[in-house]
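# A look at the structure
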Amino acid sequence: MTKHPIEVITSVERRRRWSREDKERLVAACLEPGAVLSEIARSAGIHVSQLFRWRKELCQIEEPRTETANTLVPVNVSEAAPAVQPVASEAPASSQPRRKRSDVMIELGRGRRVRVDSDIDTEALGRILDCVLGRR
């Protein structure tokens with residue numbers, strides 16, 4: 001016959017208070033290889049959903065926010081490979097000097113990148129980013 005621990009709640013309050021250390025210990029047990037969350041929750045006397053909530057809270061798993069106006073991201077500027085020029089007869093002289101072509105690489109996180117030409121239409125870039133980030 002196995003003995004199971006019994007918790008006697010003597011106060012009017014029926015809600016238990018868990019210290020941060022206890023939560024961290026249980027969440028760390030969940031992250032072990034081969035861990036079974038339902039067994040960990042059962043042994044602690046809590047529901048599995050509580051364990052998931054603590055894991056989300058302690059690991060700070062967040063969905064990307066839609067408002068990114070105040071977010072700073074690192075930018076790497078590099079020169080693009082020279083474009084292959086088609087063989088053609090003399091090009092008409094332009095009044096403006098030619099600019100070097102440059103690309104902008106935008107890192108979106110989670111391994112996602114968008115590379116665009118530096119003179120892309122900003123409205124078009126906004127629509128592209130909305131689609132990539134799932135805002136449309």
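Computed from a prediction, not measured in an experiment: that's the story for all the values here.

### Looking at the overall build of the protein
Within the protein, the regular secondary structure consists of four helices and two strands. Counting from the amino terminus, the protein carries its helices and strands in the arrangement α-α-α-β-β-α. The burial tally for the protein puts 14% of its 136 residues in the buried class. Residue pairs at least 24 apart in sequence account for 31% of intrachain contacts in the protein once pairs closer than 6 positions are excluded. Carbon and sulfur atoms form 52% of the exposed surface of the protein, whose accessible area is close to 12500 Å².

### A closer look at the pairing of strand S1 (residues 103-109)
As paired strands, S1 and strand S2 (residues 112-117) are joined by six bridges and run antiparallel to one another. Counterpart to Ile106 in the pairing with S2 is Val114. In this antiparallel pair of consecutive strands, S1 and S2, the connection spans two residues, and Arg110 shows a positive phi of 55°.

### A short note on helix H4 (residues 122-132)
Turning to H4, its buried residues are Ala124, Leu125, Leu129 and Asp130. Elements that come into contact with the buried residues of H4 comprise S1 and S2. Among the residues trailing H4, Gly134 stands out with phi positive, at a value near 75°.

### Looking at the pattern of salt bridges
Applying the stated criterion across every chain, the model contains two salt bridges. Note that Glu24 is salt-bridged to Arg20, the shortest N-O span being 3.1 Å. Of this pair, Glu24 and Arg20 both sit in helix H1 (residues 20-30), four residues apart, which is roughly one turn of that helix. Between Asp22 and Arg25 there is a salt bridge, and its shortest N-O distance comes to 3.8 Å. Taken together, the residues span about one helical turn, with Asp22 and Arg25 both in helix H1 at a distance of three residues. Using a relative accessible area of 28% as the deciding quantity, one classes Asp22 as partly exposed.

### Let's talk about the confidence of the model for the protein
Mean pLDDT for the protein: 76, with 71% of residues reaching 70 or above. Least confident of the elements in the protein is S1, whose mean pLDDT is 77; most confident is helix H2 (residues 37-44), at 90.

### Focus: a nonpolar patch on the surface
Together, Val73, Val75 and Val77 make up an exposed nonpolar region whose accessible area comes to about 320 Å². Tracing the backbone through its elements, the reader meets Val75 in the loop between helix H3 (48-59) and S1. Classification of Val75 as exposed rests on a relative accessible area of 55%.

Cut-off values and rules
Residues numbered from 1 in each chain as written. Predicted model: local features only at pLDDT ≥ 70, side-chain atom pairs only at ≥ 80, totals over all residues. Heavy atoms only, no water. Helix = DSSP H or I, 4+ residues; strand = E, 2+ residues; numbered from the N terminus. Buried < 20%, exposed > 50% of the residue type's maximum accessible area, 1.4 Å probe, protein only. Contact = heavy atoms within 4.5 Å. Areas by Shrake-Rupley, 256 points an atom, 1.4 Å probe, with all protein chains shown as cover. Pairing = 2+ DSSP bridges. Salt bridge = Lys/Arg side-chain N within 4 Å of Asp/Glu carboxyl O. pLDDT = per-residue confidence, 0-100. Patch = residues over 30% accessible without salt bridge, like charges linked within 9 Å, V, L, I, M, F, W, Y side chains within 5 Å.

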